[in-house]
Amino acid sequence: PIRIKALAAKAAKTWTPIICSTMTRMLFATIAALLGLAAAVTPEELENYFYSTSGLDLSRAEAHMLAMQEADSLTKCGVTVSDIKALAGVLYSTSYIDMSKAEIRQQLLPLAKQHIDPEELKNMWTALYSTSSLDLSKSECKSRSIELTKYRAEPDQVKALYDVLYRSINLPKTQAQSDTLELAAAGCDPKALEASYKASRDLNSAKSSALRANLNGEAKRFAKDGKAYTLAEFQQYYGKDYFLEWLAAPAEKRVANDYKAYTASEFRMFFGSSWESKFTAGLPATQMRIAEDGKIYNIEEFVQYYKDSWQKKWAAAPEVPCKECHAAKEVVV
């Protein structure tokens, strides 16, 4: 027993510093990840990227001026130079969006500040451009892939919707393409669309039903009054105008376990079959964006200031981390 106690004491002395060291590293890694937004980008980093030929290829004076203008808002949005480079790579690639340098200079930073994910953009482009999917022209793919990625539409759903409309319902190709783009932006369940059409042979009725069925009816969007409602509630309130009102409405987001806010469709893209329990368990996010005066406001404040035009202003505004995302970081620290 004495020898066992001695060995135990020796083991404790040996392993305790290792365990503590490991836990410390994990703690600091977690804190570093959560606080990464605090100093996301510096004017010097931005200037160097804007000036480089692999970046925006501006003159040194232009790069300096742009960096000074954009550093603050990019930091508030949590956008790093690495994020900007990754997005620029997809936008500039001839295999994907194929923007000119002039187009990238105009669109890169606004898209980065709305957190357009490069991989999601690539997947959306493939779904729209592939001959086995929508088979859109390259010029139409350029704008449509960005548009649908902003809606947080699901590339797999895009392809499935087109298969139903073109191959099962037998719409003409151009109409199937057009309907797919509209329904994908709104979020529409392809299986429900096919089943409802087979039962009713009424495409408009089938669309309405499949839109309600998408994401098991969990998804909500913010109407003109600044409150979140399901699609069924939009249909009930707005009647025949519900579809356009739904498209204009920003999507509700919830906070995931990485302390970031995501839409219901993003939860499904990431978590797969377990998305719904994760989504309903998440805190509703108080979304925040930068208004034209350079200050940060939530949806309620946008409604109060911009009135009926708040949705359009919100759609164009840079997105910053939600209120609960900030609160979660403060609790961890």
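Residues numbered from 1 in each chain as written. Predicted model: local features only at pLDDT ≥ 70, side-chain atom pairs only at ≥ 80, totals over all residues. Heavy atoms only, no water.

**Some words on the overall build of the protein**
And then number 1: Within the protein, the regular secondary structure consists of 18 helices and eight strands.
And then number 2: In the protein, which comprises 333 residues, the proportion classed as buried is 44%.
And then number 3: Only carbon and sulfur atoms are counted for the fraction: they give 56% of the accessible area of the protein, which is about 17,900 Å². (Helix = DSSP H or I, 4+ residues; strand = E, 2+ residues; numbered from the N terminus. Buried < 20%, exposed > 50% of the residue type's maximum accessible area, 1.4 Å probe, protein only. Areas by Shrake-Rupley, 256 points an atom, 1.4 Å probe, with all protein chains shown as cover.)

**Here's the deal with the packing of aromatic side chains**
And then number 1: Counting across every chain of the model gives 18 aromatic pairs.
And then number 2: Ring plane angle 85° and centroid distance 5.0 Å describe the contact between Tyr237 and Tyr238, whose orientation is recorded as edge-to-face.
And then number 3: Using a relative accessible area of 69% as the deciding quantity, one classes Tyr237 as exposed.
And then number 4: With a centroid separation of 6.1 Å and an interplanar angle of 50°, the aromatic rings of Trp275 and Phe279 are classed as tilted. Of the two residues, Trp275 and Phe279 are both situated in helix α15 (residues 275-281); the distance of four residues between them amounts to about one turn of the helix. (Phe/Tyr/Trp six-rings, centres within 6.5 Å; stacked < 30°, edge-to-face > 60°.)

**Some words on the confidence of the model for the protein**
And then number 1: When pLDDT is averaged across the protein, the result is 89; 86% of the residues are at 70 or more.
And then number 2: Long-range and interchain partners of residues 1-38, a stretch whose pLDDT sits below 50, account for 15 contacts in this model, where long-range means more than four residues apart. (pLDDT = per-residue confidence, 0-100. Contact = heavy atoms within 4.5 Å.)

**Quick word on the state of the cysteines**
And then number 1: Within this structure, the stated rule accounts for one disulfide.
And then number 2: For Cys322, the disulfide goes to Cys325, at an S-S distance of 2.4 Å. Its S-S torsion of about 90° marks the bond between Cys322 and Cys325 as right-handed, since a negative value means left-handed.
And then number 3: Cys322 gets classed as buried once you look at its relative accessible area, which sits at 3%. (Disulfide = S-S within 2.5 Å.)

**Description of helix α4 (residues 81-92)**
And then number 1: Between its first and last C-alpha, α4 extends 16 Å over 12 residues, near the 16 Å set by a 1.5 Å rise per residue.
And then number 2: Buried residues along α4 sit against α2 (43-51), α3 (60-77), α5 (101-112), α6 (118-129) and α7 (138-150). (Expected span 1.5 Å × (residues − 1).)

**Focus on the nonpolar core**
As a rule of thumb, nonpolar side chains are buried together in soluble globular proteins.
And then number 1: Counting residues in each nonpolar core, the largest one holds 71 residues, and the members touching the most others are Phe50, Leu91, Leu108 and Leu193.
And then number 2: Residue contacts for Leu91: discarding those within four places in its chain leaves Ile97, Asp98, Met99, Ile104, Leu108, Leu111, Leu121 and Ile146.
And then number 3: Ranked by size, the runner-up nonpolar core spans nine residues in total, among them Ile299, Tyr306, Trp314 and Ala317. (Core = buried A, V, L, I, M, F, W, Y, C linked by side-chain atoms within 4.5 Å.)

**A few points about the environment of Ala184**
And then number 1: Within the secondary structure, Ala184 sits in helix α9 (residues 173-186).
And then number 2: Linking Ala184 and Glu154, residues 30 residues apart in sequence, is a C-alpha distance of 7.4 Å.
And then number 3: Those residues in contact with Ala184 that lie beyond four places of it in its chain are Leu148, Ala153, Val158 and Leu161.

**Examining the pattern of salt bridges**
And then number 1: The tally for this structure, following the rule as stated, stands at 20 salt bridges.
And then number 2: Across the pair Arg167 and Asp163 runs a salt bridge, and its minimum N-O distance is 2.5 Å. Taken as a pair, Arg167 and Asp163 lie in helix α8 (residues 155-168) at a separation of four residues, close to a single helical turn.
And then number 3: Each of Glu140, Arg144 and Glu147 takes part in one network of salt bridges that share partners. (Salt bridge = Lys/Arg side-chain N within 4 Å of Asp/Glu carboxyl O.)

**Quick notes on the sheet that holds strand β8 (residues 319-320)**
And then number 1: Ordered by their spatial adjacency, three strands build an open sheet running β7-β6-β8, and the pairing between neighbours is antiparallel. At either end of the open sheet lies a strand with only one pairing partner, and these are β7 (296-298) and β8.
And then number 2: Looking at chain direction, strand β6 (residues 288-290) and β7 are connected through three bridges and run antiparallel. Each residue of the ladder has a partner; that of Arg289, found in β7, is Tyr297.
And then number 3: Contacts from helix α16 (residues 299-306) reach β6 and β7 within the one sheet, and its direction differs from that of β7 by about 95°. (Pairing = 2+ DSSP bridges. Axes fitted to C-alpha atoms, helices over the stretch in contact; angles between N-to-C directions.)

**A look at unusual backbone geometry**
And then number 1: Notably, Arg201 is not glycine yet its phi reads approximately 60°, a positive angle.
And then number 2: With respect to the helices and strands, Arg201 occurs in the loop between α10 (190-200) and α11 (203-213).
And then number 3: Relative accessible area serves as the criterion here: at 58%, Arg201 is assigned to the exposed category.
And then number 4: Although it is not a glycine, Leu215 sits at a positive phi angle of roughly 55°.
And then number 5: The topology assignment puts Leu215 in the loop between α11 and β1 (220-222).

**Considering the side chain of Ser196**
And then number 1: Along the chain, Ser196 turns up in helix α10.
And then number 2: Residues within four places of Ser196 in sequence aside, it is in contact with Arg201, Ser205, Ala206 and Ser209.

**Structural notes on α2**
And then number 1: Taken residue by residue, α2 has Leu46, Glu47, Tyr49 and Phe50 as its buried positions. Down the axis, α2 shows its buried residues gathered within 165° of arc, on one side only.
And then number 2: Taken together, the buried residues of α2 touch α3, α4 and α5. (Arc of directions from axis to C-beta.)

**Observations regarding the sheet that holds strand β5 (residues 283-284)**
And then number 1: Taken in spatial order, the three strands line up as β4-β3-β5 in an open sheet, and their pairing is antiparallel. Every other strand in the sheet has two partners, leaving β4 (261-262) and β5 as the edge strands with one partner each.
And then number 2: As judged from the two bridges shared by strand β3 (residues 254-255) and β5, these two strands associate in the antiparallel manner. Each bridged residue has a counterpart across the sheet, and for Val255 the counterpart in β5 is Leu283.

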